[in-house]
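One-letter residues, chain by chain:
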Amino acid sequence: MKFSLYLLLLLQTLSLYGVEKMPLFVPKEEHPFFLNSPTGKVSVESSKMPWEYKWRLETAGDGQNVQMTALDLPDFSLNQKNLVIWVKTENRENLREFWLFAADSEDFSNRVVFMVSDDKTQLLDREWTKITLPFSAGKQWGAPDLDHMKTFQFWINDNGKAPGTAVEIGPVYTEMAEEPSAVVITFDDGWLSQYQKAAPIMAEYGFRGTAYLIPELIGQENYMTLEDLKDLTGTYQWSLGGHYLGRMDGREPGELNRIFYDQAAWFSERGLEAADFSYPNGAFSPALLEVLPAFFRSARTIIEYPEANPPANPYILKVMNLTAPFNSETLQNRLDRVAPRGELVILVLHKIEESSAAETEMPTEDFRRICEIISRSGLAVKTMAEISGDFKPLSVDWEPLPTSLTADTPPPEELLPEEPPLMKDPLKTDSPQLSTPLPVPLKGLETQIDFSLDWRMVWGTLDGEAGYYNQIDDLHMYVENSLSDYTKLFTVFGIQDVNFEDFSEGAIDGSYFYLNALYMVQEVYEDTEITAGYTAPDPVHKWLQVTRSAGIEPAFGQDMAPRSLWIGGKWEGLEPYGVQLAVVPDVIGKENEGDTKQVMTYQEELGVPNVFGSLWIDTETFDMEAAAALNGDALKAAAGAGYVYRFAPYSLSVTAGIKYTKGEDFQTYPVWDHLDNAWRLSSGVSGAIPLGEVTFNPGLAWQSVIYDGGDVRHLGGIDVGFLYKILELYGVVTLYDLENSVWEENAGLEAGLIVDYRGVEYMTGYTMAGFNTLSGLYNNKSWNEGGVDGVFLRIKATYW
């Protein structure tokens, strides 16, 4: 008997004895499942996750069912327990159904069915996610003996209209719920009837509710006033949450941050507190899921699906919508199925009126019946603020097996289950017996292509003569090939700094069109990587560039590491700490008549290999990084830190950095970053100040360059911006030598307007002659070594 196979059967047996968290199935090479359908494919593959293997179910694209079944298992229990499954999908939109079946007999006549695909937001393409299915999420057919379940089945099918889809499955386990079940009664929009009618009725039953408010509507006709809200939270002890007038799922992260800052300010200035959020129209997006955790503890949808307590994802809370006409039987049946522990029933209502003219208007008498049904259920009624305070943060880590039940701990002999018989496919009498591992198929080459374009057109005058030019600043193609789950091949190539005239004259050569990177990443364990290839490894893990004028020269530049053949390693599992190391042979040589395109890529004679390393700390509000690169007698070392302090609705960002460069025999590009044996001290500060619907962003940057010979040069910059939704008006003034009074030669000015619409940035503005250094975030190009004085138009698009 192989212990790796029967450990999971032992764990199933022990689950009957009250273990709080008990694996049902941990994918292994040897397992009790078989393909129980005439179509589709089931396989076992290696996994780069903490679990060693995964199951993979694939459909054929014909709409037929694919079933993976295990029969006559040792007894396991689903009684009053949550079912937890780790799952990942491919082509989710093509997936029609994904169900889990558990039964107490081989014929599945008495079964529990979990219809996972009824809520597809639980399923993520190409990303592992933890799904928690509370007891009431399983629909019972017949009269299953929940304490003595013996069979299990995974079931998927596609829509039959497109190529097949796949579902990958990791560990499946049950867990005893930690928190008591509860009902949360929530109301959207801030209608006056919620205060005048709902709150008094709920108070008769000892209930408290949660009101999600749209700040712009408070004080308007038929909506609550500030005095109503204070009485609602004081006398009636309700909690408040944020809401919004208009959909938010199509908005960019920057705009969402501004909206939530404004909301936080609105509540704070009025002495109110809002810990939770309700999505307008129930619609959410990846951008919302990224931004919300900085402002709220939870976010509520309008998706109808049972919710666990605590939920697997507190920012996609599932609900039960109550609308008119009210069906009391539906609510009664829902509450009857709720287990004593581990479930949330989040009810969503809007208006409470004497009579109903729309489905969002619940008649007063019907609302009283709702409270009566809830009261008879015996379930506690809590506010969302009470519940969300105990929610666990999002986690992608799989909780390991109990230490006393790992493969290293032999089980007591008396608890070992008897060896089950070899199982056959009941649909095929000659079905192979799966006492041997299923084959692991070749995953095949999967390719993703990303595109980035930065184009600029400038009109202006040079030496009194009018002129213009078209230029591509950057055009990049990024290609990612997934050779397997743990091996990827990356290619980056493109065009940089090309005048359109070069195309017509056939002047495009290696100095314009180039291979930026070609390398392979091999994941060894979890987030540990070994990388080798031809590239310029970027040391900057994350950097807070607080102002445009901070681009004078932050502590780090893109040229910290050389463009060379290299091999390195990366370990990110230490979060919020990280480290990157590389040893880079110097084999590139000269380019462009002796000038190199990158720092430290050329020596007259081959010296010691380039050595590069960086160490960083990365949190939501604080970043710090140190990096160094050595090539022969050339050295470049830098350290920097950035901090963001938020005091709603304002924010303040500060950066500081130091860099030292040393090298005698190098010519480098750009000229302001050459190895000139100098120290560079830089700092920047910027703020966000709301002025009604407009946000004002002032910024200031400073840098001192201290040369080994004692000379000192001071540089400074002032940056201002005004943001309104997707529009930004900005201005930058940069002084390149504060001690030189010649304005035209030492100062530059640029003012412009930016429109950031759905990932495409449009920028137009005016550039003053003299602003021809290659520093700064919004710099113009030099034309015949002189500055271009005129207007410009720039379009930048990135597709990921």
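A quick note: this is a predicted structure, and the numbers were derived from the prediction, not measured.

**Q** Mind laying out the pairing of strand E4 (residues 53–58), listing which residues take part and the relevant values?
**A** Most of E4 sits inside the fold, with six of its six residues counted as buried. Side chains of E4 alternate between two faces, with Tyr53, Trp55 and Leu57 and Lys54, Arg56 and Glu58 buried alike. As paired elements, strand E3 (residues 41–46) and E4 share six bridges and run antiparallel to each other. Opposite Ser43, over in E4, you have Arg56 as the bridge partner. From the end of E3 to the start of E4, which pair antiparallel, there are six residues. Pairing of E4 with strand E12 (residues 166–175) involves four bridges; the strand directions are antiparallel. When the bridges of E12 are listed, Glu58 appears paired with Ala166.

**Q** Please set out the pattern of salt bridges residue by residue, giving values where relevant.
**A** Per the stated rule, a full pass over the model turns up 22 salt bridges. The partner of Lys54 in a salt bridge is Glu168, and the shortest N-O contact between them spans 3.1 Å. Of this pair, Lys54 sits in strand E4 while Glu168 sits in strand E12, and the two are 114 residues apart along the sequence. Judged by relative accessible area, Lys54 falls into the buried class, the value being 1%. With a relative accessible area of 1%, Glu168 lands in the buried category.

**Q** Explain the pairing of strand E16 (residues 274–278) residue by residue, including any values.
**A** Within a regular strand, side chains alternate between the sheet's two faces. Counting buried positions along E16 yields five of five residues, so the element is predominantly enclosed. In this sheet, E16 lies alongside strand E15 (residues 239–242) in parallel orientation, the contact comprising three bridges. Bridging from a neighbouring strand, Leu240 pairs with Ala274 of E16. Where the polypeptide runs from E15 across helix H4 (residues 253–269) and back to E16, its parallel neighbour, the crossover connection is right-handed. Each parallel crossover has a hand, and for E16 linked through helix H5 (residues 286–291) to strand E17 (residues 298–304) it is right-handed.

**Q** Give a detailed account of the side chain of Ser239, specifying residues and quantitative values.
**A** By the secondary structure assignment, Ser239 is in strand E15. A polar contact is formed between the side chain of Ser239 and the side chain of Thr210, at a distance of 2.9 Å.

**Q** Could you give an account of the packing of helix H2 (residues 192–204) against helix H3 (residues 226–234), naming the residues involved and the relevant values?
**A** Interaxial distance between H2 and H3 falls to 10 Å at its minimum, and their mutual angle equals 35 degrees. H2 and H3 meet at a crossing whose hand is left-handed. Across the interface between the two elements, Leu192, Tyr195 and Ala199 from H2 touch Asp228, Asp231 and Leu232 from H3. Across the contact of H2 with H3, the residue classes break down as four nonpolar, no polar and two charged.

Rules behind the numbers
Residues numbered from 1 in each chain as written. Predicted model: local features only at pLDDT ≥ 70, side-chain atom pairs only at ≥ 80, totals over all residues. Heavy atoms only, no water. Buried < 20%, exposed > 50% of the residue type's maximum accessible area, 1.4 Å probe, protein only. Helix = DSSP H or I, 4+ residues; strand = E, 2+ residues; numbered from the N terminus. Pairing = 2+ DSSP bridges. Salt bridge = Lys/Arg side-chain N within 4 Å of Asp/Glu carboxyl O. Right-handed = clockwise from strand over helix to strand, strands pointing away. Polar contact = N/O pair within 3.5 Å; in protein donor to acceptor, adjacent residues only side chain to side chain. Axes fitted to C-alpha atoms, helices over the stretch in contact; angles between N-to-C directions. Left-handed = near helix turned anticlockwise from the far one by under 90°. Contact = heavy atoms within 4.5 Å. Nonpolar A, V, L, I, M, F, W, Y, C, P; charged D, E, K, R; others polar.

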